[in-house]
Amino acid sequence: VTEHELLERELNDVLPATISLGKKLNCRLVIVFGFKRGPGDDEEQRKSAADLLKRAAALASGEGFRLAIENEPGFLCDTGSHTRTLIESVGSPALGANWDPANAFGTEEVPFPDGYAALKRSIFNVHVKDTTEGALTRCVPVGEGRDVVGNAIVAAILGENVPAALAKAALQMDQVMASPPRY
C-alpha cells in the first residue's frame, strides 16, 4: 500500500466515517494530524499537503464541520508559524488549528509568545498538557512540567478576541492551574 493510497483512504473512508460519528455525538470539530516532514523540499511537501487539506476541508464544510490540524514535532505543522502557513495556503474557514504548546516545545520556535502570536487567529482548540523534556519524550499533567501552558497563555487567550469555547477552556485551565493536583 502506497502513502498516496493511505491518504486517499483517510479522505474517502476515515474522514466521512468520523463526520458520521461526529453527527451522532453532536461534535462538529474534528482534530486531524498533518503530514510528516519527509526528505526533500518542504515547499513541495506543503503544496501537496495543502491540496489534500483543501479536499478534506471542503468535505467537512459541506457537512457543517470544521477541521483543526494539530501541530506535531517532525510534521509540516510543527510550529505556530508553519501551521499558519499551511492553513492560509488552504484558504478555507473550515480549517483551523488545534494548538498544542507542549508539542511545539523544543522546535525552533518558542511556543509562547512566538507560536501563539503566529497562530492565534486560526486557533479552534487548545490541547492542554505539559512536558518535562518535550512532547515526544515525556508528557505530564499541567503544572508538573516546564509550565508550557502557563498563566501567560491563559491570560493571552482571555485577552484576545477568541471564540467563546476557547475562552471558556482558558478559564477552566486557569482554575485547574490554581488548584492543587488531585492524582
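Up top you'll find the structure we're talking about.
Residues numbered from 1 in each chain as written. Predicted model: local features only at pLDDT ≥ 70, side-chain atom pairs only at ≥ 80, totals over all residues. Heavy atoms only, no water.

K.L.:
What's the story with the overall build of the protein in this structure? I'm lost.
P.N.:
A count of helices and strands for the protein gives seven helices and six strands. In the protein, the order of α-helices and β-strands from amino to carboxyl end is α-β-α-β-α-β-α-α-β-β-β-α-α. In the protein, which comprises 183 residues, the proportion classed as buried is 42%. In the protein, of all internal contacts separated by at least 6 residues, the share reaching a separation of at least 24 is 69%. Of the roughly 9,800 Å² of accessible surface on the protein, a fraction of 53% belongs to carbon and sulfur atoms. (Helix = DSSP H or I, 4+ residues; strand = E, 2+ residues; numbered from the N terminus. Buried < 20%, exposed > 50% of the residue type's maximum accessible area, 1.4 Å probe, protein only. Contact = heavy atoms within 4.5 Å. Areas by Shrake-Rupley, 256 points an atom, 1.4 Å probe, with all protein chains shown as cover.)

K.L.:
What is the right way to read the packing of helix 2 (residues 42-62) against helix 3 (residues 80-90) from this model?
P.N.:
When two helices pack together, you describe them by how their axes are tilted relative to each other and by the distance separating the axes. Two numbers describe how helix 2 lies on helix 3: the axes approach to 8 Å, and their chain directions differ by 60°. Comparing their axes, helix 3 and helix 2 come out oblique. In this structure, helix 2 meets helix 3 at a crossing whose hand is right-handed. For the pair helix 2 and helix 3, contact is made by R46, A49, A50, L53, K54 and A57 and by H82, T85, L86, S89 and V90, respectively. (Axes fitted to C-alpha atoms, helices over the stretch in contact; angles between N-to-C directions. Parallel < 35°, antiparallel > 145°, perpendicular 65-115°, else oblique. Left-handed = near helix turned anticlockwise from the far one by under 90°.)

K.L.:
I keep staring at the pattern of salt bridges and nothing clicks. Help me out?
P.N.:
Oppositely charged side chains are able to pair whenever their charged atoms sit close together. Inspection of the entire model under this criterion finds seven salt bridges. One salt bridge in this structure joins E8 and R55, with 2.8 Å as the shortest N-O distance. Within this pair, whereas E8 is found in helix 1 (residues 3-25), its partner R55 is found in helix 2, the two being separated by 47 residues in sequence. The exposure class assigned to E8 is buried, which follows from its relative accessible area of 19%. (Salt bridge = Lys/Arg side-chain N within 4 Å of Asp/Glu carboxyl O.)

K.L.:
Even after reading the chapter, I still don't get helix 3, so can you show me in this structure?
P.N.:
Three or four residues apart is the spacing at which side chains of an α-helix point the same way, because the helix has 3.6 residues per turn. All of the buried residues in helix 3 are G80, H82, T83, L86, I87 and V90. Projected down its long axis, helix 3 shows its buried positions confined to an angular sector of 165°, all on one face. (Arc of directions from axis to C-beta.)

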